[in-house]
Amino acid sequence: MYIYTPRLFAFMKHIFISLLLFLFSNVAYSQRITRVQYIDMYKDIAVRQMNLYGIPASIIMAQACLESNNGNSELARNANNHFGIKGHNGWNGRVYLHDDETKNEKFRAYKTAEESFKDHSEFLKSGKRYAFLFSYDKTDYVSWAHGLKQAGYATNPKYAQLLIKVIEDNGLHRLDLVRGTEGKESREGREWIGGNGSANVSKALTKIEKREQKRRLKEQKRQDKLKRKMQRKSVNKGRNSIY
């Protein structure tokens, strides 16, 4: 026969709560969004914003990945803030209190993630300190990355390198080759998806990837041909030296 003393009851309650927290934490962890999933979820919006504002889609996507931890950050989950933009500088919308450099700092809060992407474009376009960025080409993500660091978007001294790494590790530069204007494939090899942005970005990226594969194969054949030519010259030179 078991006798439940207050101490035993408190101990069992503690074990039960700990078990629940463990189970909930495992469920939450298993539901974390991977970087690949996150990019797939928002690449269409990034391309649309690029075509509206002139900001490289690769930069938009890379910033979102870093600033929101692939959509898993507290700000992204609770405030739909995917770019870490604070609620200062005349912001009249909703705010979310979050500890950052100081306790309970105000961050912008949105109804949807898409609102966050749109506001990020407006934030860069309207900010005087970011004005020089728009002199760079949409495909020059390296200059944009270093420019954002120079303008003070983030305090991390390696911010530019981090952005570039995310872009190159995930092939995000291909997003910059997708255009949202009506028309056929341009002379620069860019893929068009339609002015209203309703066409499939994934389909356009597939075409770009196939084109890049053909270009790489062609370059490899050229290099192989040049190598064989050099080898023949070397052999002929050796034969002539014998005689």
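Check the entry above for the structure.
Please read all numbers here as calculations on a predicted model, not as lab measurements.

Draft legend 1. Expanded view of the pattern of salt bridges. Enumeration over the complete set of coordinates arrives at nine salt bridges. With a closest N to O distance of 3.0 Å, Glu114 and Arg48 form a salt bridge. Taken as a pair, Glu114 in helix 5 (residues 113-126) and Arg48 in helix 2 (residues 35-53) lie far apart in primary sequence, 66 residues in all. Using a relative accessible area of 30% as the deciding quantity, one classes Glu114 as partly exposed. By relative accessible area, Arg48 is classed as partly exposed at 29%. Residue Lys118 pairs with Glu114 through a salt bridge whose shortest N-O separation is 3.9 Å. In this pair, Lys118 and Glu114 both sit in helix 5, four residues apart, roughly one turn of the helix.

Draft legend 2. Quick peek at helix 3 (residues 57-68). The terminal C-alpha atoms of helix 3 lie 16 Å apart, and with twelve residues this matches the ideal 16 Å at 1.5 Å per residue to within 8%. In terms of burial, helix 3 is a largely internal element, ten of the twelve residues being buried. Taken together, the buried positions of helix 3 are Ala57, Ser58, Ile59, Ile60, Met61, Ala62, Gln63, Ala64, Cys65 and Ser68. The elements touched by buried residues of helix 3 are helix 2, helix 4 (74-79), helix 5, helix 6 (141-151) and helix 7 (159-169). Looking one or two places after helix 3, you find Asn69, whose phi comes out positive at around 55 degrees.

Draft legend 3. How the structure looks around the side chain of Ser121. With respect to the secondary-structure elements, Ser121 resides in helix 5. The class for Ser121 is buried, based on a relative accessible area of 0%. Discounting chain neighbours no more than four positions away, the residues touching Ser121 are Gln49, Tyr53 and Ile55.

Draft legend 4. Fine view of the environment of Asn70. Looking at where Asn70 falls in the secondary structure, it is placed in the loop between helix 3 and helix 4. Along the chain, Asn70 and Val36 lie 34 residues apart, while their C-alpha atoms are 8.7 Å from each other. The contacts of Asn70, once residues within four sequence positions are left out, are Ile33, Thr34, Arg35, Tyr38, Ala64 and Cys65.

Draft legend 5. Here's a closer look at the packing of helix 3 against helix 7. Interhelical geometry of helix 3 versus helix 7 gives an angle of 110 degrees and a closest axis separation of 9 Å. Considering the angle they form, helix 3 stands roughly perpendicular to helix 7. Counted together, Ser58, Ile59, Ala62, Gln63, Cys65, Leu66 and Glu67 of helix 3 and Tyr159, Leu162, Leu163, Val166 and Ile167 of helix 7 form the full contact between these two elements.

Conventions we followed
Residues numbered from 1 in each chain as written. Predicted model: local features only at pLDDT ≥ 70, side-chain atom pairs only at ≥ 80, totals over all residues. Heavy atoms only, no water. Salt bridge = Lys/Arg side-chain N within 4 Å of Asp/Glu carboxyl O. Helix = DSSP H or I, 4+ residues; strand = E, 2+ residues; numbered from the N terminus. Buried < 20%, exposed > 50% of the residue type's maximum accessible area, 1.4 Å probe, protein only. Expected span 1.5 Å × (residues − 1). Contact = heavy atoms within 4.5 Å. Axes fitted to C-alpha atoms, helices over the stretch in contact; angles between N-to-C directions. Parallel < 35°, antiparallel > 145°, perpendicular 65-115°, else oblique.

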